[in-house]
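Per-entry structural report
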Amino acid sequence: MDLTAAVDVIRAPLGEILPGLSAALSEAIAHRAVAELSGNCPHSPFKTHGDPPGEPGTVITSAEMAAILPVARAEGTWQGRAWMAGTEVPVLAVHSDATARGALLVLVRTEEAPVPAEALAAARALWDLVTAHRDRMAFEAVPGMLVQSRAAAAARATAIAELVDAHGAALSALLGVLRGRDLDDRTARARAVDLAVGALAELRARTDRDQALVEEPVGDAFARLAESLRPELRGLSVRLDLGPPGTEEGADRLLAADVANTARAVVRAVVHAMLDEQGPGRDGAPRPVHRVHIGWKVGEGELRATVRDDGPGVLRRTVLDARRVGERLAALGGRLDVDAVPEWGTTVTATVPLGPPRPAREDPLDGLGARELEVLERLARGRRNRQIAQELHISESTVKFHVANILEKLGVTSRGEAAALAHAWGATGS
């Protein structure tokens, strides 16, 4: 492994980083599958790549990864036999401390011989590099990554909810039956109860693990923001006043990682802009910023971050747009308000929705062909079939054919309903 391989890995698109990492490690460490469990990828904390062991399991699970995590974290790298995909196989586990939450990489090896120390060191260095790179992307709230994160977070939450509902209900029902007094096989009943209880516990643990990796309390998120700003303001004659969220402001509420990262990145960008955009007062003399106040508050369905300074009050929205503030917020459906008052200072308020934005409605007219849209436009304007035929220079029977197809594709039963859709979606040009 060399620096060229490392560059290729971190330059790859997010979805190709794990496969690229596997390819870079394959020559020094033969393996058939790789899996990661990390908190620096909010939209997908658990990922796998390759061909995991076959029978008796089919896929590597996050529970199997979590079982290896303690020893890997303690030793940095660990190699031995472990359960992966329901069977015992030789593995190499590499833990990175390059981020606060850490990250675990596990390779399912094809041989039992110990991995040489040189290869272990190279694998850990590459994993540290990848972990730090992705954590930086999340920390800076790159807009493209935010859009992907929100969509995947919604899908993951839905999948977990469905899993909990399905298995939780089934196992609870099983417990109810097995605890009934009409069963006389005590040994079998006790064993079944133990199995069901264990399954329920693992189900809940899986949800807890996911939340621990992709969420953090509002208070902790604000504290990380303060820690990142203090070194940047050191040496400047600027007082940083912090208004951390208290219990009433939702300090204990959990934030999705992309929401927390966006709020932190936006606030940092606003503070930097305030310090850079210091202008003269009314007397023409420079009016520097002496004080910056930052406050967070979690309301009903949104996080509101406020930054206020005592500068000249000349900060403009275009300056913040140049720092990608609006772009970051737009990726999550957020908004930005700038209130600059000359001689009094500037107040910037960024609002970030706590949940994924609602998906845009799908245009029902997208499935219509060009000729069908022409027919629909005239139908919506009250034209009869004969008039439509004359205007489009086609036969009346062809118009009837198009109208029948339009009604079917739009899922409506009358010309009036089709006309209403045409007006609602702009097919009439009005």
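So, a few notes on the structure that sits alongside this text. No experiment lies behind these values; they were computed from the predicted model shown.

Cut-offs and rules
Residues numbered from 1 in each chain as written. Predicted model: local features only at pLDDT ≥ 70, side-chain atom pairs only at ≥ 80, totals over all residues. Heavy atoms only, no water. Helix = DSSP H or I, 4+ residues; strand = E, 2+ residues; numbered from the N terminus. Contact = heavy atoms within 4.5 Å. Areas by Shrake-Rupley, 256 points an atom, 1.4 Å probe, with all protein chains shown as cover. Buried < 20%, exposed > 50% of the residue type's maximum accessible area, 1.4 Å probe, protein only. Arc of directions from axis to C-beta. Pairing = 2+ DSSP bridges. Axes fitted to C-alpha atoms, helices over the stretch in contact; angles between N-to-C directions. Salt bridge = Lys/Arg side-chain N within 4 Å of Asp/Glu carboxyl O.

When helices and strands are tallied, the chain shows 14 helices and twelve strands. Across the chain, every contact between residues at least 6 apart in sequence was considered, and the portion connecting residues at least 24 apart equals 66%. Carbon and sulfur atoms make up 53% of the accessible area of the chain, which amounts to about 22,200 Å² in all.

So, about helix H12 (residues 385-392). Taken residue by residue, H12 has Asn385, Ile388, Ala389 and Leu392 as its buried positions. The buried residues of H12 occupy an angular sector of 100° when projected down its axis, which confines them to one face. Pointing more than 90 degrees away from the buried face of H12 are the exposed residues Arg386 and Gln390. Summarising the contacts, the buried residues of H12 are in contact with helix H11 (370-380), helix H13 (396-410) and helix H14 (415-424). Directly after H12, the chain includes His393, whose backbone phi takes a positive value near 60°.

With that settled, consider the sheet that holds strand E4 (residues 87-96). Taken together, five strands build an open sheet; the order of strands is E2-E1-E5-E4-E3 and the sheet is antiparallel. Looking at the sheet topology across the chains shown, the edges are occupied by strand E2 (46-50) and strand E3 (77-84). Put simply, the sheet's adjacent strands are angled 25° from each other on average, direction ignored. Note that strand E1 (residues 31-38) and E2 share five bridges and pair antiparallel. Bridge pairing in E2 places Leu37 opposite Phe46. Across the sheet, helix H2 (residues 17-26) lies against E1, E2 and strand E5 (103-109), angled at about 130° from E1, the strand it touches most. Across the sheet, helix H3 (residues 62-75) is in contact with E1, E2, E3, E4 and E5; its angle to E3 comes to roughly 160°.

Here we take up the pattern of salt bridges. In the structure shown here, the tally under the stated rule is 19 salt bridges. Here Glu112 makes a salt bridge to Arg81, at a shortest N to O gap of 2.2 Å. Remark: Arg81 occurs in strand E3 and Glu112 occurs in the loop between E5 and helix H4 (117-139); sequence separation between them is 31 residues. Exposure remark for Arg81: the relative accessible area of 40% places this residue in the partly exposed category. The partner of Arg239 in a salt bridge is Asp241, and the shortest N-O contact between them spans 3.1 Å. A network of salt bridges, in which partner residues are shared, links Arg81, Glu88 and Glu112.

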